[in-house]
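Structural characterization, general
Given next are the chains, with one letter for each unit.
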Amino acid sequence: MFPERFSNLPEYAFPRLRSLLDAHPAGGEAVHMTIGEPQHAFPDWVSDAIAEHAGEFRKYPQNEGLPELNGAMCDWIARRFGVTLNPDQNIMALNGTREGLYNAMMALCPETKGGKTPIILLPNPFYQCYMVAALSVGAEPMFLPTSTETGFLPDFDSLSEDVLNRVAVAYMCSPSNPQGAVASAGYWRNLLALAEKYDFKIFADECYSEIYRDTPPTGALEVADRTGADPERVVVFNSLSKRSNLAGMRCGFAATGPESTKRIRLLRSYAGAPLPNPLQRAAVRVWADEAHVEENRRLYQEKYTVADDILGDVPGYRSPQAGFFLWLPVEDGEEAALKLWTETGVRVLPGAYLSQDAPGGNPGKQYIRAAMVAPKDEVAHGLTRLRDCLYR
């Protein structure tokens, strides 16, 4: 006896990649450009802060997050987006944003919408937990293709009224993974207007918001605040993983209205795993510091230039606006990834592993994703091999 709702899940992207590549020897020294695991240094004082509070590992952590941490996250939101939040009512400390992106669906998605099964809108390609969250609440995931024609962002305006009347939640990722596209303030206003008109929530995944070229990406909270949208309309997720190169610290947040926060916190008290107190204590200081974030961003900006110099003449190459992935056009993503591995040792991810078959096909099938998380020289070496193998 097993649930049918998960019976058709594809194998997760990285085990699937190992099945594709690991039966074959590398064609050169391995260069790993698959997973978005930041490799830049985090501040030395992070380890000291954890050690200073190590005695608190014997204590159960507070479910809602320590008051100091909630305050530090609200202070960061105020500095970055100009929005004032109440740390007691509008913020939930997360054990990584994946926890929130998944569990917020459990806490906030209604069982029906207009007497029918609710629809959850997802960009396609997408972060895979979006789809599983939708399936977990018995909702219907609907995949919206993101392509050159849509500016690599979902075209919500193309949806019919029949669909929109059933929408309960729309996942939106900006800057987007994998393409690095950034939603403008106008884009957010249009989506918020749809959400207000058809009464659905927006789950805004903004984990790449601090890695960009020149202009800080607009956030959903700041547009919602300026337009006077219902505070419960938007739930924003962010973390220290990309901003501060602290993926293993697992410190993120969900920021939203007081009723949504109350429901997320209640469910978390039964089903979640709070961040250990010593990590929360260290995270207070990390959220308060911008110097290391500016240096991190400078290193990525250098790698944007490297990628543009090496791949700029590749037909269809599109330089990302933000984030640290390259979304590169090929004839077939799996064939290109296998060829690249067996001939050069460079390891990338087929785009189809990040997307689903939907009307019109799989929008990731003719792409590969390359992560620029390694040091600049290693990225340059890997991209040069990639260009010479696939585009010459």
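An unreviewed UniProt entry lists the protein chain under the name Aminotransferase class I/II-fold pyridoxal phosphate-dependent enzyme, with Roseovarius rhodophyticola given as the organism. What UniProt records for the protein chain under Cofactor (unreviewed entry) is the sentence "pyridoxal 5'-phosphate".

**Brief notes about the overall build of the protein chain**
Within the protein chain, the secondary structure is distributed over 14 helices and twelve strands. The C-alpha atoms of the protein chain give a radius of gyration of 21 Å, which matches the 21 Å a tight globule of 392 residues would have. Its C-alpha atoms put the protein chain at 55 × 55 × 50 Å along the principal axes. The buried share of the protein chain, taken over its 392 residues, is 57%. For the protein chain, the share of sequence-separated contacts (at least 6 apart) that also reach a separation of at least 24 residues comes to 77%. Accessible surface, the protein chain as shown: approximately 16,800 Å² in total, 50% of it carbon and sulfur. When the 38 basic and 49 acidic side-chain charges of the protein chain are each reduced to a single mean position, those positions are 2 Å apart.

**Some words on the environment of His-24**
Of note, His-24 is situated in the loop between helix 1 (13-21) and strand 1 (31-32). Classification of His-24 as partly exposed rests on a relative accessible area of 34%. Residues His-24 and Trp-341, 317 residues apart in the sequence, show an inter-C-alpha distance of 8.2 Å. Every residue in contact with His-24, bar those within four places of it in the chain, is listed here: Leu-338, Trp-341 and Thr-342.

**Focus on the sheet that holds strand 2 (residues 91-95)**
Strands sit in the order 2-8-7-6-5-3-4 across an open sheet of seven strands; the sheet is mixed. Each edge of the sheet is formed by a strand with only one pairing partner; in this case those strands are strand 2 and strand 4 (140-145). Sheet twist, expressed as the average angle between the axes of neighbouring strands with direction ignored, equals 20°. The strands touched by helix 4 (residues 97-108) within the sheet are strand 2, strand 3 (119-124), strand 5 (167-173), strand 6 (201-205), strand 7 (234-239) and strand 8 (251-255), with strand 7 carrying the most contacts at an inclination of about 160°. Packing against the sheet, helix 10 (residues 258-271) makes contact with strand 2, strand 6 and strand 7, and its axis sits at approximately 35° to strand 2.

**A short note on the packing of aromatic side chains**
Inspection of every chain in the model, using the stated rule, returns 17 aromatic pairs. With a centroid separation of 5.9 Å and 90° between ring planes, the pair formed by Tyr-127 and Tyr-130 is classed as edge-to-face. Measuring from ring centre to ring centre gives 5.5 Å for Phe-253 and Trp-287, while their planes differ by 50°; the resulting arrangement is tilted. One end of the pair, Phe-253, is in strand 8; the other, Trp-287, is in helix 11 (residues 277-288), and 34 residues separate them in sequence. We note that Phe-253, like Trp-287, is buried. A network of ring pairs unites the aromatic residues Tyr-127, Tyr-130, Tyr-171, Phe-203 and Phe-237 as a single cluster. Over the aromatic face of Trp-45 sits the side chain of Arg-285, whose NZ or CZ is 4.0 Å from the ring centroid. The ring of Phe-325 carries Arg-369 above its face, with NZ or CZ at 3.8 Å from the centroid.

**A look at the UniProt feature "domain: Aminotransferase class I/classII large" (unreviewed entry) in the protein chain**
Those residues carrying the UniProt feature "domain: Aminotransferase class I/classII large" (unreviewed entry) are residues 33-381 in this numbering. Along residues 33-381, the helical share is 40% and the strand share 15%, with 11 Å between the first and last C-alpha atoms.

**So, helix 1**
Buried within helix 1 we find Ala-13, Phe-14, Leu-17, Leu-20 and Leu-21. All buried residues of helix 1 fall inside an arc of 110° around its axis, so they share one side. Packing partners of the buried residues in helix 1 comprise helix 13 (333-344), strand 10 (346-347), strand 11 (349-350) and strand 12 (367-371).

**Notes on the pattern of salt bridges**
Applying the stated criterion across every chain yields a total of 18 salt bridges. Here Glu-99 ties to Arg-268 by a salt bridge, and the two come within 2.7 Å at their closest N and O atoms. Here the residue Glu-99 occupies a position in helix 4, and Arg-268 occupies one in helix 10, the gap between them amounting to 169 residues. The exposure class of Arg-268 is buried, given its relative accessible area of 4%. The partner of Arg-263 in a salt bridge is Glu-259, and the shortest N-O contact between them spans 2.8 Å. Of this pair, Arg-263 and Glu-259 both sit in helix 10, four residues apart, which is roughly one turn of that helix. A single network of salt bridges, built from pairs that share partners, joins Glu-295, Arg-298, Glu-302 and Lys-376.

Conventions adopted
Residues numbered from 1 in each chain as written. Predicted model: local features only at pLDDT ≥ 70, side-chain atom pairs only at ≥ 80, totals over all residues. Heavy atoms only, no water. UniProt positions renumbered as here; feature names shortened; annotations may be inferred. Helix = DSSP H or I, 4+ residues; strand = E, 2+ residues; numbered from the N terminus. Rg over C-alpha atoms; globule rule 2.2 N^0.38 Å. Buried < 20%, exposed > 50% of the residue type's maximum accessible area, 1.4 Å probe, protein only. Contact = heavy atoms within 4.5 Å. Areas by Shrake-Rupley, 256 points an atom, 1.4 Å probe, with all protein chains shown as cover. Lys, Arg positive; Asp, Glu negative; His and termini not counted. Charge placed at Lys NZ, Arg CZ, Asp CG, Glu CD. Pairing = 2+ DSSP bridges. Axes fitted to C-alpha atoms, helices over the stretch in contact; angles between N-to-C directions. Phe/Tyr/Trp six-rings, centres within 6.5 Å; stacked < 30°, edge-to-face > 60°. Lys NZ or Arg CZ within 6 Å of the ring centre and 35° of its normal. Arc of directions from axis to C-beta. Salt bridge = Lys/Arg side-chain N within 4 Å of Asp/Glu carboxyl O.

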